[in-house]
Each structure stands twice: as structure tokens, then as C-alpha cells.
Amino acid sequence: NTAPDADNLQKAGASANVAQLNGGTVLYFNVRKAPFSDIRARQAITMAIDRTDMIKTLDNGLIAPMDSVFRHDSPFYDPSIVQLGYDPVKAQTLFDQLAAETGGPLTFTLYTFTVNVYPVAAQYLQGALNKYRNVKVSIDGAAPPLPCRQ
């Protein structure tokens with residue numbers, strides 16, 4: 001269930017057992033090939049996403065935005081290892097640099113699961129990123145991103 005689901009159930013009188021998990025919506029980049037072999041592409045995407053707005057939109061602001069794979073109260077949290085902050089001006093600068101060097105926009109597909117909040121999170125990310133110049137994001141919820149090995 002999601003944070004809004006739990007909130008609605010509590011408002012309806014249900015009791016809750018709270019489990020605060022680490023993580024959140026995660027993007028994995030294939031850094032072995034373009035476009036994400038260029039660190040600027042990864043940095044631009046990270047700085048282009050307003051995590052506070054994302055949590056407000058997806059989870060009604062009921063959980064804290066993440067800047068690390070660990071919550072700040074986790075014994076594993078290290079304040080020296082956090083994501084770059086939201087900086088739309090710097091993100092746009094990087095997107096423009098990449099487009100000038102490669103001859104076109106940063107174009108990629110977000111592969112997502114089709115259950116729970118994953119499609120909505122992918123749509124949020126797509127919308128947030130496609131607002132920038134020189135970025136084109138599509139979503140694929142049907143095809144696996146990697147070949148399955150048996």
C-alpha cells in the first residue's frame with residue numbers, strides 16, 4: 001500500500017502498523033553505454049527532479065523526500081553520500097550541453113513495473129523531465145529492460 005492509502009484507512013478509523021522503509025522511487029542508469037555513460041546526463045536528471053514536489057504529488061506529502069537510499073534516521077545514513085539537490089537552471093544547462101555535443105536531445109525510455117504506484121511515478125518523472133528543453137522521455141511498462149537469464 002501507499003502512504004495515501006494508509007492515511008485514508010487511518011482517517012476511516014483503521015489502526016495502523018507503521019513500517020518506515022528506506023528507498024523510494026529509484027532510477028537505475030545503465031552507465032556502460034550512452035547516454036548515461038556521461039555523468040552529466042545522470043546529474044542533469046537528478047537536478048531536474050524536485051523530490052519535494054514529487055512526494056507532495058505522489059504521496060500527499062505524507063513521507064519525507066529522499067536524498068539518499070537511507071532515511072536520515074537510519075544507522076546506515078551517511079550525510080556525505082547524498083544526491084544532488086534540485087537545481088533546474090543547472091539541469092537545463094547540462095541538458096543543453098549534452099544536446100549541443102551529441103546533436104540532439106537526451107532521449108531515453110523509463111522501464112517500469114505496471115503495479116502499485118510505479119506507473120504513476122514514471123508518469124510524474126516523464127512529465128517533470130519533458131518540461132525541459134533537449135530532453136525526451138518515454139515510458140515502457142510492458143517490455144523488460146534487460147534480457148532475462150535462466
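Above this text sits the structure in question.
This text gives an overview of the structure that appears in the document.

Rules used in this analysis
Residue numbers here run from 1 along each chain, matching the order of that chain's written sequence. At least 70 in pLDDT is required for a residue's local features to be given in this predicted model, at least 80 for side-chain atom pairs to be given and counted, and no such filter applies to totals for whole chains, interfaces and linings, which use all residues. Side-chain numbers come from the whole structure's heavy atoms, not from hydrogens or water. By definition, a salt bridge exists where a carboxyl oxygen of Asp or Glu is found within 4 Å of a side-chain nitrogen of Lys or Arg. Here the term buried applies to any residue with accessible area under 20% of the maximum for its type, exposed to any over 50%, and partly exposed to those in between, with areas from a 1.4 Å probe on protein chains only. A helix here means a DSSP run of H or I that spans at least four residues, while a strand means a run of E at least two residues long, and both kinds are numbered starting from the N terminus. Only heavy atoms enter the contact rule, under which two residues are in contact if any of them lie within 4.5 Å.

**Things to note about the pattern of salt bridges**
Link 1 in the chain: Counting across every chain of the model gives four salt bridges.
Link 2 in the chain: The salt bridge involving aspartate 38 is made with arginine 40; its shortest N-O contact spans 2.7 Å.
Link 3 in the chain: A relative accessible area of 24% means that aspartate 38 is categorised as partly exposed.
Link 4 in the chain: Given a relative accessible area of 19%, arginine 40 falls into the buried group.
Link 5 in the chain: With its nearest N and O atoms 2.7 Å apart, the salt bridge here joins arginine 40 to glutamate 101. Taken together, the positions of arginine 40 in helix H2 (residues 39-48) and glutamate 101 in helix H4 (residues 88-102) put the pair 61 residues apart, joining distant regions of the chain.
Link 6 in the chain: Residue glutamate 101 is classed as exposed on the basis of its relative accessible area, which comes to 55%.
Link 7 in the chain: Overlapping salt bridges, with partners in common, bring together Asp38, Arg40 and Glu101 in one network.

**Observations concerning the environment of alanine 100**
Link 1 in the chain: Within the fold, alanine 100 resides in helix H4.
Link 2 in the chain: For alanine 100 and asparagine 134, which are 34 residues apart along the polypeptide, the C-alpha to C-alpha distance reads 9.2 Å.

**A look at the environment of alanine 48**
Link 1 in the chain: Among the structural elements, alanine 48 can be located in helix H2.
Link 2 in the chain: Judged by relative accessible area, which is 4%, alanine 48 ranks as buried.
Link 3 in the chain: Counting along the chain gives 44 residues from alanine 48 to glutamine 92, while the straight-line C-alpha distance between them is 7.6 Å.
Link 4 in the chain: Setting aside anything within four residues of it in sequence, one finds alanine 48 in contact with Tyr86, Ala91, Phe95, Leu129 and Tyr132.

Interpretation in functional terms is not warranted from these geometric data alone.
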